[in-house]
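Chain residues, written in single-letter form:
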Number of protein chains: 2
Amino acid sequence: MGYIKSVESVFEIIAEPNRRAILSLLVSSQQSVGEIERQLRMPQPTVSKHLRVLREAGFVESTVDAQRRLYRLKPEPLQEVDAWLAPFRRFWSAHLDALERHLDRMDQKTPTKRKTRRRR
Amino acid sequence: MGYIKSVESVFEIIAEPNRRAILSLLVSSQQSVGEIERQLRMPQPTVSKHLRVLREAGFVESTVDAQRRLYRLKPEPLQEVDAWLAPFRRFWSAHLDALERHLDRMDQKTPTKRKTRRRR
DNA sequence: AGAGCATATACGTGTCAAGGTATATTAAGC
DNA sequence: GCTTAATATACCTTGACACGTATATGCTCT
């Protein structure tokens, strides 16, 4: 009875392993459903259903080529994931910095030769 | 009966909105369960259960402070997500490059003034 | 028009995970 | 030791979703 098909978050979409596999396949070039089916060895309805989810969520788009449909990647949704990660990247690079400072302090105490530290 | 509780993928872990909220909270500083509970306005068992999942998946670790437990972020699992994104980043920056080249061609055809293009 | 290939959808089923409520654990303070 | 605070866990119910199988749609070629 007509309720709103709430747009699933991009995170739920990529939670599914087969969908991630499809996306990884498409990153090199566009593929037809049959090609995906063969390369990933999954049944055709499975591929189609996942492609539907990916398409409705904006991860892919398709063009018609005779009986085939060619699916290709669209960047926006994964960029959204990338954006969500940004604060955490700052977090862990801060941790790396702390580690570096720690190692530098070690250097002072035991001044042995050490490979050049990465520049900041 | 008695099958292996397969370690869920990091993607399934962050598919859950409440867990993402918790992680985002922890990025600024460590928090006790009660603090998380209040800030996110979710029932305490919910918080504890999500923290358990996050802990077992290595997203967080906890230390004991009297009756409280302080939870803090661990970087590795999210770095894993970041690593998975890498090929796609190359993909969409390639697309941006193509767009730039396209705009450059436009420049040549209609040489009107335009803001300085971002350098490569 | 009919046959055959490529893709999409419908339907039934099983599984699993999230939430709610209740209760157990553990530590603190009097 | 008992009470209270903080957190964890147990149990149950419900809903979503992924899969398999079957079938529909659509295009092409003869």
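Structure first, text after, so check above.
As the structure is a computational prediction, the values presented were derived from the model and not from experiment.

For the rest of this paragraph, the subject is the pairing of strand β3 (residues 68–73) of chain B. All names here are of chain B. Sheet analysis places strand β1 (residues 31–32) next to β3, joined by two bridges and oriented antiparallel. Residue Gln31 lies in a different strand from β3, and its bridge partner there is Tyr71. With six bridges joining them, strand β2 (residues 60–65) and β3 adopt antiparallel strand pairing. Looking at β3, one finds that Val60 is bridged to Leu73.

To continue, consider the protein's contact with DNA strand C. For DNA strand C, the set of nearby residues contains 23 residues, the closest of which are A:Gly34, A:Gln44, A:Tyr71, B:Asn18 and B:Lys49. For DNA strand C, the backbone makes up 65% of the atoms found within 4 Å of the protein, where backbone means sugar plus phosphate. One of the side-chain N or O atoms of A:Tyr71 is found 2.5 Å from a phosphate oxygen in DNA strand C. Between DNA strand C and B:Arg19 there is a distance of 2.8 Å, counted from a phosphate oxygen to a side-chain nitrogen or oxygen. Listed by contribution, the elements that provide at least two residues to the surface near DNA strand C are α3 (33–40), α4 (44–56) and β3 (68–73) of chain A together with α2 (17–26) and α4 (44–56) of chain B. Among the elements that make up the surface near DNA strand C, the one with the highest residue count is α4(A) (five residues).

All names here are of chain A. Considering all chains together, one arrives at four aromatic pairs over all chains under this definition. Measuring from ring centre to ring centre gives 5.2 Å for Phe11 and Trp84, while their planes differ by 70°; the resulting arrangement is edge-to-face. Here the residue Phe11 occupies a position in helix α1 (residues 10–13), and Trp84 occupies one in helix α5 (residues 76–109), the gap between them amounting to 73 residues. Neither Phe11 nor Trp84 differs from the other in exposure class; each is buried.

A few words on the protein's contact with DNA strand D. Around DNA strand D, a shell composed of 23 residues is seen, among which A:Asn18, A:Lys49, B:Gly34, B:Gln44 and B:Tyr71 lie nearest. The sugar-phosphate share of atoms of DNA strand D within 4 Å of the protein amounts to 62%. At a separation of 2.8 Å, a phosphate oxygen of DNA strand D approaches a polar side-chain atom of A:His50. Secondary-structure elements contributing two or more residues to the surface near DNA strand D are α2 (17–26) and α4 of chain A together with α3 (33–40), α4 and β3 of chain B. It is α4(B) that contributes the most residues to the surface near DNA strand D, five residues altogether. In the surface near DNA strand D, the residues fall into six nonpolar, nine polar and eight charged.

Calculation notes
Residues numbered from 1 in each chain as written. Chains lettered and ligands numbered in written order. Predicted model: local features only at pLDDT ≥ 70, side-chain atom pairs only at ≥ 80, totals over all residues. Heavy atoms only, no water. Pairing = 2+ DSSP bridges. Helix = DSSP H or I, 4+ residues; strand = E, 2+ residues; numbered from the N terminus. Near = heavy atom within 4 Å. Polar contact = N/O pair within 3.5 Å; in protein donor to acceptor, adjacent residues only side chain to side chain. Phe/Tyr/Trp six-rings, centres within 6.5 Å; stacked < 30°, edge-to-face > 60°. Buried < 20%, exposed > 50% of the residue type's maximum accessible area, 1.4 Å probe, protein only. Nonpolar A, V, L, I, M, F, W, Y, C, P; charged D, E, K, R; others polar.

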